[in-house]
Amino acid sequence: MPTERTHADACPGAIDVHPAADGGLARIRIPGGSLTKVQFRAVVTASADLGDGQLELTSRANFQIRGLADGAQFELGDRMAAAGLLPSLTHERVRNIIAAPLSDDTQTVVDELDAVLCATPELADLPGRFLVTVGAPVAGLGGDIGLIGDALLLAGQDTGLRPANPVAAVIEAARIFAAERGSAWRLAEVPEVVTRIIAALGTPTAERITVSTSPPLPGPAGDRFVVGAPLGRLDARQAAALADFPVRLTPWRSLVVPGAPDLTGLGLITDPDSPWHGVTACTGRPGCAKSLADVRADARNWLGTPHTRPVHWSGCARRCGRPSGDVIEFVATGDDYEETS
Ligand code: SF4
């Protein structure tokens, strides 16, 4: 039997905002992470006009705007639709597709996938937690369905299937999951569904690819530049400075911009030796009512302490935003932090 739940997932959208302690929280989904300069400016301006001026980067390469007043989400929705960032009201929350950020080919596949997804009515009810990955560097980030070239991945593992039309295969796999999922949110929660999808799509013949992740380091990357957002958030000044560029968001809370821009003096992460590199934090106080501490301020004060592995700060035991893998954690306990390593 699929996992039974009594509530739907609460993933926010651009209009269906989450009521956070610091106001409405809207998520602008950017399948594949690519934004033109005009689109990026529309997001930056909307945050300045309607939110708190900051931009959060999520682990699914989306933007979040915080601090929205009651009702401001409708103007936000209008602005995002005008910028081409809200192509479907029915499918908005299921457009969860991340892609290898340094490959233009992956964005082409994502665009095709997104268009077919939005045109398939029965996929509108996929859960907001459902995730598709495109490309080897993001294949290990917990996708339900994935592609590496023509290799089809299910529940994070290569199936050995190499469909002639990989986009059609992803859509068919999503259809089968949608039909069988009950109240399950993720493919791995439905017993034997991977076996049934494979049987429906063909016979696995290829040698299995070992799945991994490969985040780009901050700094030059060929004819592009990778910029990290400290603690996953751009302040208004940083967002305004970057809005001069088309950008591609990465699932590691960084952005890829063209060329070799001069970003000095902005407090962004522009090389791997930055003390911010590898340090993440949840929202914490004052944005999250559950938080036991202002984790972002405490992480700032801690900065400069030597560390050899990624570090994550959490305001409570939920550990939102914790990166996968081997991580040093600071979890607020009320009067201090529990450190786990
Ligand atoms: S980890 Fe806890 S405090 Fe932090 S954002 Fe999640 S629920 Fe809030």
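Everything below is about the structure printed above this text.
Fair warning: this is a prediction, and the values are worked out from it, not measured in the lab.

Asker: Report on the site of the ligand, specifying residues and quantitative values.
Answerer: Taken together, Cys282, Thr283, Gly284, Cys288, Lys290, Ser291, Ser314, Gly315, Cys316, Arg318, Arg319 and Cys320 make up the full set of residues adjacent to the ligand. The class makeup of the residues in the shell around the ligand is four nonpolar, five polar and three charged.

Asker: Quick one: what's the story with the packing of helix H4 (residues 166–180) against helix H5 (residues 193–201), residue by residue and with numbers?
Answerer: Taken N-terminus to C-terminus, the directions of H4 and H5 make an angle of 135°; their axes are 10 Å apart at the nearest point. By the angle between their axes, H4 is oblique relative to H5. Between H4 and H5 lies a crossing of right-handed hand. For the pair H4 and H5, contact is made by Ala169, Glu172, Ala173, Ile176, Phe177 and Glu180 and by Val193, Arg196, Ile197, Ala200 and Leu201, respectively.

Asker: Just give me the short version of the sheet that holds strand E18 (residues 328–332), but keep the residues and values in it.
Answerer: Pairing is mixed in the open sheet, where four strands are placed in the order E16-E17-E18-E19. Single-partner strands in this sheet number two, and they are strand E16 (279–281) and strand E19 (337–340). Averaged over all pairs of adjacent strands, the angle between strand axes in this sheet comes to 15°, irrespective of strand direction. Pairing analysis gives three bridges linking E16 to strand E17 (residues 311–314), with the strands arranged parallel. Residue Thr280 lies in a different strand from E17, and its bridge partner there is His312.

Asker: I'd like a description of the environment of Phe330, backed by residues and values.
Answerer: Structurally, Phe330 is set in strand E18. The exposure class assigned to Phe330 is buried, which follows from the 22 C-beta atoms found within 10 Å. Counting along the chain gives 14 residues from Phe330 to Cys316, while the straight-line C-alpha distance between them is 9.5 Å.

Reading guide: rules and limits
- Residues numbered from 1 in each chain as written.
- Predicted model: local features only at pLDDT ≥ 70, side-chain atom pairs only at ≥ 80, totals over all residues.
- Near = placed C-beta within 6 Å.
- Nonpolar A, V, L, I, M, F, W, Y, C, P; charged D, E, K, R; others polar.
- Axes fitted to C-alpha atoms, helices over the stretch in contact; angles between N-to-C directions.
- Helix = DSSP H or I, 4+ residues; strand = E, 2+ residues; numbered from the N terminus.
- Parallel < 35°, antiparallel > 145°, perpendicular 65-115°, else oblique.
- Left-handed = near helix turned anticlockwise from the far one by under 90°.
- Contact = placed C-beta atoms within 7 Å.
- Pairing = 2+ DSSP bridges.
- Buried ≥ 20, exposed ≤ 12 C-beta atoms within 10 Å, placed from the backbone.

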